[in-house]
Amino acid sequence: MRKGVLRPGHVQIRVMDMTEALKHYVELLGLIVTHQDNLGRIYLKGWTETDRFSVVLVQAEVPGMDFMGFKVRDEQTLLSLTEDLKAWGCQVEQIPAGELDFCGRRVRFLCPTGHWIELYADKEYTGKWGVREINPEAWPRGLRGMRVTAFDHCQLHGGNLRENRELFCEVLGFHVTEQVVGDDGESVADWLSLSIKAHDIAFVGDGNTGAFHHAAFLLDSWEGLLRAGDLLSMTDTSLDVGPTRHGITHGQSMYFFDPSGNRNEVFAGGDVHYPDQKPVIWREQDLGKAIFYHSRVLNERFLTVMT
């Protein structure tokens, strides 16, 4: 059932050296700086994104994710979902308009996996970067690095997966696209979507409460992913895995680390999954192939390194 949550809107990532972080996210990934606020936070976006920002970098002593935000249809939807979250039992905080520049008020809640998620209805609409609103060209000139097009999703790790799935599906209107299921029939990982995308957020139930596994950025092709791999080598950036294909979602993927140790993914393709379709099921014993379809082997770093 649709509840008025539209799409991923932003993520705030903690970095320990802003200068190095900007080299990584702007010069390597190709995100575009749109603003710096009076707290020193840097706002960025991919060129296809129409709102002012989708990524916020904040200087901190430890890396990780502060929160992930989702845009909702309108103010009435925000009011209604706030009451639904309270009734479900979530810890809810009200964040005033302007705490993030160019963004309206936000409703932040702590989900069962230990992550702060927030909803908002208003953010400044700026249009796609570098192309006209009418008769736009195929892509803008002047893009840098990997030329990522947009912030796509996050993967988060924690516990209480059944309760978390209930919250996201029954209260917020997500649907499950894929799951990894253990021998007892219980899900140990959920991929959730708001539309026909392969996923908008993923949760892994490994007990690492509040852990941030990665933020993913969209590329438009397998060729673009291979080019991104070349750029990682050219810049001596720390590679985790790939380029490869996932079994889950069938998307093409590569993982690597920013200078603070936050994992990034660049992602292309992926299955279409409508809300009326049943989830795709993977067995936990086949997790290697589910995650890395080509090698069929999980490296220890992928399972244990989080911020």
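Please refer to the structure placed before this passage.
How each quantity is defined
Residues numbered from 1 in each chain as written. Predicted model: local features only at pLDDT ≥ 70, side-chain atom pairs only at ≥ 80, totals over all residues. Heavy atoms only, no water. Helix = DSSP H or I, 4+ residues; strand = E, 2+ residues; numbered from the N terminus. Expected span 1.5 Å × (residues − 1). Buried < 20%, exposed > 50% of the residue type's maximum accessible area, 1.4 Å probe, protein only. Arc of directions from axis to C-beta. Contact = heavy atoms within 4.5 Å. Polar contact = N/O pair within 3.5 Å; in protein donor to acceptor, adjacent residues only side chain to side chain. 1 Å grid on protein atoms, 1.4 Å probe; cavity = no way out; pocket = protein on both sides within 12 Å on 5 of 7 lines; lining within 4 Å. Points joined across faces, edges and corners; volume = space filled by probe spheres on them. Nonpolar A, V, L, I, M, F, W, Y, C, P; charged D, E, K, R; others polar. Pairing = 2+ DSSP bridges. Axes fitted to C-alpha atoms, helices over the stretch in contact; angles between N-to-C directions.

### Focus: helix H4 (residues 222–234)
Point 1. Across its 13 residues, H4 extends 19 Å between first and last C-alpha, which sits within 8% of the 18 Å expected from 1.5 Å per residue.
Point 2. Residues of H4 that are buried include every one of Gly224, Leu225, Ala228, Gly229, Leu231 and Leu232, and no others. The buried residues of H4 all sit within an arc of 160 degrees when viewed along its axis, so they share a single face. Exposed side chains of H4 directed beyond 90 degrees from the buried face belong to Glu223, Ser233 and Met234.
Point 3. Here the buried face of H4 lies against helix H1 (18–28), strand S14 (239–245), strand S15 (252–257) and strand S16 (263–268).
Point 4. At the N-terminal boundary of H4, the capping side chain belongs to Ser221, with an oxygen 3.4 Å from the backbone nitrogen of Glu223.
Point 5. Looking one or two residues past H4, Asp236 carries a phi angle of roughly 55 degrees, positive in sign.

### What about empty space enclosed by the protein?
Point 1. The tally for this structure, following the rule as stated, stands at 1 cavity of 30 Å³ or more.
Point 2. Of the volumes computed, that of the largest cavity is approximately 90 Å³.
Point 3. The wall of the largest cavity is formed by His153, Gln155, Trp191, His199, Ala202, His214, His246, Ile248, Thr249, Tyr255, Glu265 and Ile291.
Point 4. Partitioning the lining of the largest cavity into residue classes produces 5 nonpolar, 6 polar and 1 charged.

### Remarks on the sheet that holds S15
Hydrogen bonds along the backbone pair up the strands of a sheet, which may run parallel or antiparallel.
Point 1. The sheet built from 9 strands is open, its strands ordered S14-S15-S16-S13-S9-S12-S11-S10-S17 with mixed pairing. Only two strands of the sheet have a single partner each, and these edge strands are S14 and strand S17 (280–283). For this sheet, the mean inter-axis angle between neighbouring strands, taken without regard to orientation, is 15 degrees.
Point 2. Here strand S10 (residues 175–181) runs beside S17; their pairing, made up of 4 bridges, is parallel. Residue pairing for S17: Gln179 is matched across the bridge by Ile281.

### Considerations on the sheet that holds strand S6 (residues 91–95)
Point 1. Pairing within the open sheet is mixed, and its 8 strands lie in the order S2-S3-S4-S1-S5-S8-S7-S6. Edge positions in the open sheet fall to strand S2 (32–36) and S6, since each of these has one partner strand only. Here the average twist between neighbouring strands, direction ignored, is 25 degrees.
Point 2. Inspection of the sheet shows strand S1 (residues 5–15) paired to strand S5 (residues 64–72) by 8 bridges, in the antiparallel sense. Along S5, the bridge assignment pairs Val5 with Val72.

### Overview of helix H2 (residues 75–88)
Point 1. In this model, H2 (14 residues) spans 20 Å end to end at C-alpha, consistent with the 20 Å of a helix rising 1.5 Å per residue.
Point 2. Among the residues of H2, those classed as buried are Thr77, Leu78, Leu81, Thr82 and Leu85. One face of H2 carries all of its buried residues, which in axial projection span an arc of 135 degrees. In H2, the exposed positions that point more than 90 degrees away from the buried face belong to Gln76 and Ala87.
Point 3. Its buried side turned inward, H2 meets S1, S5, S6, strand S7 (106–110), strand S8 (116–120) and helix H3 (161–171).
Point 4. Immediately downstream of H2, the backbone of Gly89 shows phi near 110 degrees, a positive value.

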